[in-house]
Amino acid sequence: MSKFHITTTVNGEAVEYLCDPKQTLLDVLRDELNLTGSKEGCSSGDCGACSVTLDGRLVCSCLVLGVEMQGRSVETIENMAQGEKLHPLQQKFLEAAALQCGFCTPGFLVAAKALLEKNPNPTESEARYWLAGNLCRCTGYDKIIRAVLETAADMRGSK
Amino acid sequence: MAGYEDKSFKWIGTRPVRPDGVDKVTGRANYGADMKLPGQLTGRILRSPHAHAKILSIDTSKAEKLPGVKAVITGKDFPEMHNGVLPGDEGVNFHYLSCNIMARNKVLYDGHAVAAVAAASAAIAEEALALIEVKYEVLPHVIDVDLALKPGAPLLHDDIFTTGVTPKPEKPSNTVQRIQMQLGDPDAAFKDADVVVERSFKTKAVHQGYIEPHAVVAEWSEDGQCRIWCSSQGHFMVRTLTARLLQMEVAQVRVIPAEIGGGFGGKTIIFIEPTAVLLARKAKRPVRIVMSRDEVFRGTGPAPGTSIDVKIGAKKDGMLVAATGEFRYQAGAFPGSPVGAACMAAFGPYALSHVRVVGYEAVTNRPLCYSYRAPGAPLSSFAVESVMDEIAQKLNLDPMDLRIKNGSKEGTQMVYGPKLKAVGNLECLKAIQNHPINKIPLGPNQGRGLAAGFWFNLGGQSSAVVNIAEDGTANIMTGSPDIGGSRASMALMAAEVLGIDYSKVRPIVGDTSAVGFCEITHGSRVTFATGMAIIQAAEDVVLQCRQRVAKMWEVDVEAVKWEDGHARPAGANAGDQKPLSLAQIAAKAARTGGPLVGSAAINAGGPGPAFGVHICDVEVDPETGHVTVLRYVAAQDAGKAIHPSYVEGQIQGGVAQGVGWALNEEYIYGEDGRLQNSGFLDYRIPVASDLPMIDAIILEVPNPGHPFGVRGVGEVPIVPPLGAIANAVARATGARMTDLPLTPPKIRAAIDAKK
Amino acid sequence: MAHIVLGDEFGRQFTGGQTHFDLDVRDVRHLIRTLEGMFPGIGEQLEAGAIAIDNEIIPDPWLNPIQPNSEVFFLPPIKGGK
Ligand code: FES
Ligand code: FES
């Protein structure tokens, strides 16, 4: 199988890679670029563990092909903290114990950040529906939803 | 052991950020599939498409010739194991375990592994699988437990002879065992009952549904040693089982734990590790196997489906007089259903003088049924709690009053023999009774359901090491995988005993060559048993510190006490010495006897059972049969909550899983015996929009068997939800359903049948 | 003498139905040896399970002392999930 040469932007940096046409963006991130923060829970778009933003839009990276990435821009969990400072969502997840095993956490954080960028003041039910594409089997979602709503309030307050 | 009960705690019961937290919110934490070694190959497993078939031949020659394929293995590559359980086997039949990991003469379920390849890329490995030719002779199969128990059912094994029946059967069958336990004489006692309710129930197999699929990297070296990186609920378990199956010495196998992305019991046994080792040995390169979600559903260890009869008799005033239960549990393709625990736990919340439980276990053409949180108990509890609710309705009693009247407490004799020590059952019932949820009026099509649950909890073997650095900070290590925040609990307990700041304690999970043996993370045992090892290891350090300081001060060790992280004179005769901090003592360690290292290796008894009581409100849409959970409150006795946030998290997570079990989740098989819903789209676990906030109430009735009073908390929260939801739906619709899950079509049919 | 209770299972398989015994035993090891002497083959089975001595469940019993007035139950093994 011949490989494709792709030039793209990952977390603000220009990146080149070779990928075969079957590889997903998630495969490329994890296997070719060693960005293993995005997780694979299903590879069918059902769990959200692989959530990234692609040109600013929240997507499941397991549903995007590596070859589709030419000239585009992807942001992953690895770029969420700015320097030594965690993103307010990351900080709140820690303080609110919004993770247990932590496997779903990168996906939830990426998805929640996308939510708050679009809607800085979500209701509980808006947050629950926005995050309904992210599965968590450990927490029962209670502490995750609280963490997202509290972060939203904090971020509105600090603006 | 020192009595800590009366002491006020500095760290225990606080909610600091967990030590492994930052790695997990930044994506830095390494799970099973994140490991990558130089030269690593991709392993893939070929699985049976048939529920039951003889393997006539396997031809791997074409796959082997494909460029990029480095190894192909089949059942022939696995050593043959003794069929039976020998002393020292810890109850494991290694023949069955080996046959489950790679089929030999027969495949016993859709998804049973038949061959594996290691190749330079995932694409080549996939291609190679397609080139392996397996010839099958398809056999009749059996999926349902009641059918499997019947004489004349398709036979899975010719070496299973039912135990627990007399006379001993001469013919093999699918019935693995019959068990029975009894108190008093229930048959006679039923005659005194004013009301008797008897019902039959059916439940479907469900999966633990951890989001992280099983993953392993194995490396083999020419001197016969191997290293395994994997996520599991017990890397010592992985080491022992892998070594035994591959006929290696245990110390030649080193298992390095990855972060684990959920397990809930499903990662307390191995499925792919020996396969990865054999591939690595053959290929002479490291091999990584990561299961797909489809493989997780088809080829791991889901919880069994069941068929249950429960009968309870009561006096007019609600006093229970007798109860019986027959619990028929699937075992999957090999023996191992949790029917024993199910029988023992079924009536746990109630004091009964006349009770009998009977259990049957039958092998079926399904993946091996394995542990899922409080194994077996949610199902037997669902049946019992449903019948209890009906008794309350028949007698026109408040379901809470009925439960409090009959609630088990200290001194209650359990059907399995012993009497309960101090437990929190009544405390949980009363906490729910007094909860404001009871005052909220219910609207049309709404119902309120109540259920109680019981689980034993386990103790067992654990080891721990506490190393004090020269500046007085501490590294603590155990061999128990951290599955839900246990490193935080370990650090809190060590900080409490040492008297130093939580932030000065760094906990890690050590690999099998670095730390002493720890049993698997199951039975809610880690905070209890491994925590006890940490406490003792920290106490060991404290004792050493007092000894060192006694030397410095030239007094007896009794004259030195430990308080707030300092050695202080215990009384006037120790002289007028200035307190010495752990850091000051550590700085002098070289001159007073060398490094400060505390250790403990224990087999912890007295885990203390856990009780939980749940109440919930649901609304049923009469048009669609869809159930919305409006409110959920769960009260549980934690003994002592070390880190309350993670105790709440365990409760909330267990509730969510239980709600899924009650309403949505089921293994669906076709007529052909193939699993039809092996993905998260069709096997739907609850998502955020399916659930309300879950109010978790922690009660603390100290466990007399633990220095801080800790009880295991991880399992009992999944026991009551099935009954609580079913009872709420029954009250909302006026129709009692006995067949889980309560899917919209079933609910609609039940509502229609009532009209 | 300590009071010993076996599950019905053991009664059927080994003891001809008797499940309650009063025995003079020092510790679990001694108890299992004593029962093995009475019912050959039972010892191995008894060792596979857990024991409750005076209502305290002990996972891998062997050297645990048994008092003259103790109550001892043999339990089937329990698997956990979390
Ligand atoms: S891995 Fe992409 S949605 Fe599950
Ligand atoms: S924390 Fe484990 S899946 Fe969400």
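Keep in mind it's a predicted model, so treat the numbers as computed, not measured. (Residues numbered from 1 in each chain as written. Chains lettered and ligands numbered in written order. Predicted model: local features only at pLDDT ≥ 70, side-chain atom pairs only at ≥ 80, totals over all residues. Heavy atoms only, no water.)

A few words now on the overall build of chain C. Helices and strands together make up the secondary structure of chain C, namely three helices and five strands. Ordered by position in the sequence, the α and β elements of chain C form the string β-α-β-α-α-β-β-β. In terms of principal-axis extent, the alpha carbons of chain C reach across some 40 × 25 × 15 Å. By residue count, 48% of the 82 residues in chain C fall in the buried class. The contacts of chain C with a sequence gap of at least 6 include a subset with a gap of at least 24, amounting to 44%. Accessible surface, chain C as shown: approximately 3900 Å² in total, 52% of it carbon and sulfur. Counting 6 positive and 12 negative side-chain charges, chain C places the centres of these two groups 8 Å from one another. (Helix = DSSP H or I, 4+ residues; strand = E, 2+ residues; numbered from the N terminus. Buried < 20%, exposed > 50% of the residue type's maximum accessible area, 1.4 Å probe, protein only. Contact = heavy atoms within 4.5 Å. Areas by Shrake-Rupley, 256 points an atom, 1.4 Å probe, with all protein chains shown as cover. Lys, Arg positive; Asp, Glu negative; His and termini not counted. Charge placed at Lys NZ, Arg CZ, Asp CG, Glu CD.)

So, on to the overall build of chain A. Summing up its helical and strand segments, chain A has five helices and five strands in all. By the compact-globule yardstick of 15 Å for 159 residues, chain A fits well, its C-alpha radius of gyration being 16 Å. When the backbone C-alpha atoms are referred to their principal axes, chain A occupies close to 50 × 30 × 25 Å. A total of 159 residues make up chain A; the buried ones form 56% of that total. Considering only residue pairs separated by 6 or more positions, chain A has 55% of its internal contacts joining residues 24 or more positions apart. Accessible surface for chain A amounts to roughly 6500 Å². Of this, 49% is attributable to carbon and sulfur atoms. Each charge class in chain A can be summarised by its mean position, and for the 16 positive and 20 negative side chains these summaries are 6 Å apart. (Rg over C-alpha atoms; globule rule 2.2 N^0.38 Å.)

All names here are of chain A. What the domain assignment reports for chain A is domain 1 (4–79) and domain 2 (88–157). Taking only C-alpha atoms into account, the centre of domain 1 sits 22 Å from that of domain 2. Each side of the interface is counted separately: domain 1 has 14 residues, and domain 2 has twelve residues. Across the interface of domain 1 and domain 2, roughly 980 Å² is buried in total on both sides, 69% from carbon and sulfur atoms. Put simply, domain 1 and domain 2 have zero salt bridges between them. Between domain 1 and domain 2 we count three residue pairs in polar contact (both at pLDDT 80 or more) in total. (Domains from an automatic or database assignment. Buried area = accessible area lost by both parts, 1.4 Å probe. Salt bridge = Lys/Arg side-chain N within 4 Å of Asp/Glu carboxyl O. Polar contact = N/O pair within 3.5 Å; in protein donor to acceptor, adjacent residues only side chain to side chain.)

For the rest of this paragraph, the subject is the packing of helix 10 (residues 339–346) of chain B against helix 11 (residues 377–395) of chain B. Residues and elements named next belong to chain B. Where helix 10 meets helix 11, the axes come as close as 8 Å, and the angle between the chain directions of the two elements is 40°. Considering the relative orientation of helix 10 and helix 11, their crossing is right-handed. For the pair helix 10 and helix 11, contact is made by Ala342, Ala345 and Ala346 and by Ala377, Ser380 and Val384, respectively. Class assignment of the residues belonging to the contact of helix 10 with helix 11 gives a composition of five nonpolar, one polar and no charged. (Axes fitted to C-alpha atoms, helices over the stretch in contact; angles between N-to-C directions. Left-handed = near helix turned anticlockwise from the far one by under 90°. Nonpolar A, V, L, I, M, F, W, Y, C, P; charged D, E, K, R; others polar.)

All names here are of chain B. With 13 residues, helix 14 (residues 486–498) extends 18 Å from end C-alpha to end C-alpha; this agrees with the ideal 18 Å at 1.5 Å per step. Most of helix 14 sits out of view: 13 of its 13 residues are buried. Positive backbone phi, approximately 75°, marks Gly499, located one or two places after helix 14. (Expected span 1.5 Å × (residues − 1).)

Within the secondary structure layout, Gln652 of chain B lies in helix 18 (residues 644–663). Placed 553 residues apart in sequence, Gln652 of chain B and Cys99 of chain B show a C-alpha to C-alpha distance of 37 Å. The contacts of Gln652 of chain B, once residues within four sequence positions are left out, are Thr139, Gly140, Asp142 and Lys143 of chain A together with Ile694 and Ala696 of chain B. For Gln652 of chain B, the side chain forms a polar contact with the side chain of Asp142 of chain A, separated by 3.4 Å.

Our next topic: the arrangement of the chains. For this structure, the chain pair with the highest number of contacts among two pairs of chains in contact is chains A and B. Separating chain A from chain C is a minimum C-alpha gap of 11 Å, and the two share no contact.

This part takes up the interface of chain B and chain A. Each partner contributes to the interface: chain B provides 52 residues, whereas chain A provides 44 residues. Interface area for chain B against chain A, summed over the two sides, is near 4000 Å², with a carbon-plus-sulfur share of 58%. Our enumeration of links across chain B and chain A arrives at five salt bridges. In this structure, Arg30 of chain A engages Asp34 of chain B in a salt bridge whose closest nitrogen and oxygen atoms are separated by 2.7 Å. Counting across the interface, chain B meets chain A through 24 residue pairs in polar contact (both at pLDDT 80 or more). For the side of chain B that touches chain A, the elements supplying multiple residues, two or more each, are helix 1 (21–25) and helix 18 of chain B. In terms of residues, the side of chain B that touches chain A owes the most to one element, helix 18 of chain B, which gives nine residues. Of the residues assigned to the side of chain B that touches chain A, the class counts are 26 nonpolar, 17 polar and nine charged.

Attention now moves to the sheet that holds strand 20 (residues 560–563) of chain B. Residues and elements named next belong to chain B. The strand order across the open sheet formed by three strands is 20-21-22, and the pairing between neighbours is antiparallel. Sheet topology places strand 20 and strand 22 (580–581) at the edges, where each strand pairs with a single neighbour. Lying over the sheet, helix 15 (residues 526–553) contacts strand 20, strand 21 (566–569) and strand 22, oriented at roughly 135° with respect to strand 20. (Pairing = 2+ DSSP bridges.)

Residue and element names in this part refer to chain B. Where helix 12 (residues 399–406) contacts helix 13 (residues 425–433), the axes come no closer than 10 Å and their chain directions differ by 160°. In this view, helix 12 runs roughly antiparallel relative to helix 13, as classed from their interaxial angle. Between helix 12 and helix 13 lies a crossing whose hand is left-handed. In this structure, helix 12 contributes Met400, Asp401, Arg403 and Ile404 to the contact, and helix 13 contributes Leu426, Leu429, Lys430, Ile432 and Gln433. For the contact of helix 12 with helix 13, the per-class residue count stands at five nonpolar, one polar and three charged. (Parallel < 35°, antiparallel > 145°, perpendicular 65-115°, else oblique.)

Turning our attention to the pairing of strand 15 (residues 355–362) of chain B. Residues and elements named next belong to chain B. By the criterion of burial, strand 15 is predominantly enclosed, with seven of the eight residues buried. Two strands pair when backbone bridges link them, and strand 7 (residues 175–183) and strand 15 are joined in this way by eight bridges, in the antiparallel orientation. Looking across to strand 15, one finds that Thr175 is bridged to Ala362. Sheet topology places strand 14 (residues 320–330) next to strand 15; eight bridges connect them, and they run parallel. Across the sheet, Glu326 pairs through a bridge with Val358, a residue of strand 15. Taken together, strand 14, helix 10 and strand 15 form a β-α-β motif whose crossover is right-handed. (Right-handed = clockwise from strand over helix to strand, strands pointing away.)

Moving on, we get to the environment of Leu379 of chain B. Residue and element names in this part refer to chain B. Considering the arrangement of structural elements, one finds Leu379 in helix 11. Residue class for Leu379 comes out buried when judged on its relative accessible area of 1%. If we skip the residues at most four places from it in the chain, Leu379 touches Thr203, Pro304, Thr306, Ile308, Tyr329, Trp661 and Leu722.

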